[in-house]
Amino acid sequence: MTDTSTATPTRVDFWFDPSCPWAWMTSRWLDEVATLRALDVHWHIMSLAVLNEDKEDLPDFYKQFLPRALRYARLVAAVAETEGEEAVKPLYDALGTRIHPGGSTDVDTVMAEALAEVGLDAALIAHADTQEYEPQLRASHAEGIGRVGQDVGTPVIAVGDIAFFGPVISPAPKGEEAAKLWDGVVAVAAYDGFFELKRSRTRDPQFD
């Protein structure tokens, strides 16, 4: 096990859409890794709604999902801008716990409860339905997706100059298994000529 008390932290940037269950799984894994490796993780918003806004051949259920996802993304962007980066991860945790393991599709209730949990003003919910912080949301999204290309989604992880989509995992590994996966993913992504390694998913997200 790595001694994280003395190692110089490695900067990691993580882009997420709060509504994506796969990003949620990856974020839980990264939280576990941060207890075993010296990481300095920065959390950034991206948006599946923005990513798919010009696509016309989406399934109906996904078209219905995207407006809900956009409201959550706008809220996180507003909080990042008004409260600072340090407020993003606690809000993501509070939202994601309700959306994913909690299974709630009541957006207004989820946002109100999440803001209350992290001690933020409930009035921030209003930003979920405005474009006031849309430029910041799109800029954050563009920074993340620009590192990996338009043909992927969320999450995006950057370790220094190395960026990759995923990993897409279920369930999120624990302990040294989580750390070994991290070491392997970073090692593979560090090779300049590596682009893709994939297999079909055979299970849904398995939440704790």
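Residues numbered from 1 in each chain as written. Predicted model: local features only at pLDDT ≥ 70, side-chain atom pairs only at ≥ 80, totals over all residues. Heavy atoms only, no water.

Taken together, the 4 strands give an open sheet; going across it, the order is β2-β1-β3-β4, and neighbouring strands pair in mixed fashion. Single-partner strands in this sheet number two, and they are β2 (39-45) and β4 (162-165). Across the sheet, the axes of successive neighbouring strands diverge by a mean angle of 20°, strand direction being ignored. As paired elements, strand β3 (residues 156-159) and β4 share 4 bridges and run antiparallel to each other. Bridging from a neighbouring strand, V156 pairs with F165 of β4. (Pairing = 2+ DSSP bridges. Helix = DSSP H or I, 4+ residues; strand = E, 2+ residues; numbered from the N terminus. Axes fitted to C-alpha atoms, helices over the stretch in contact; angles between N-to-C directions.)

Another point: the pairing of β3. Side-chain alternation along β3 places V156 and A158 on one buried face and I157 and V159 on a second face that is also buried. Pairing of strand β1 (residues 10-16) with β3, which is carried by 4 bridges, proceeds in the antiparallel orientation. In the strand pairing of β3, D13 is matched with A158. (Buried < 20%, exposed > 50% of the residue type's maximum accessible area, 1.4 Å probe, protein only.)

Moving on, we come to the packing of aromatic side chains. Per the stated rule, a full pass over the model turns up 8 aromatic pairs. Look at W43 and Y92: their rings are 6.2 Å apart centre to centre, the planes differ by 55°, and that puts the pair in the tilted class. Within this pair, whereas W43 is found in strand β2, its partner Y92 is found in helix α4 (residues 88-99), the two being separated by 49 residues in sequence. Three or more aromatic residues link up through ring pairs in this structure, and these residues are F14, F16, W24, W43 and Y92. (Phe/Tyr/Trp six-rings, centres within 6.5 Å; stacked < 30°, edge-to-face > 60°.)

Packing of helix α3 (residues 60-83) against helix α5 (residues 107-117) leaves a shortest axis separation of 11 Å and a crossing angle of 25°. Looking at the two axes, α3 sits roughly parallel to α5. For the pair α3 and α5, the sense of crossing is right-handed. Every residue of α5 that contacts α3 at R68, R71, Y72, L75 and V79 is listed here: V107, D108, V110, M111 and L115. Its residues assigned to classes, the contact of α3 with α5 shows 7 nonpolar, no polar and 3 charged. (Parallel < 35°, antiparallel > 145°, perpendicular 65-115°, else oblique. Left-handed = near helix turned anticlockwise from the far one by under 90°. Contact = heavy atoms within 4.5 Å. Nonpolar A, V, L, I, M, F, W, Y, C, P; charged D, E, K, R; others polar.)

On the surface, V188, Y191, F194 and L197 cluster together to form a nonpolar patch covering roughly 440 Å² of accessible area. Of note, V188 is situated in helix α7 (residues 175-189). Given the relative accessible area of 35%, V188 is considered partly exposed. (Patch = residues over 30% accessible without salt bridge, like charges linked within 9 Å, V, L, I, M, F, W, Y side chains within 5 Å. Areas by Shrake-Rupley, 256 points an atom, 1.4 Å probe, with all protein chains shown as cover. Salt bridge = Lys/Arg side-chain N within 4 Å of Asp/Glu carboxyl O.)

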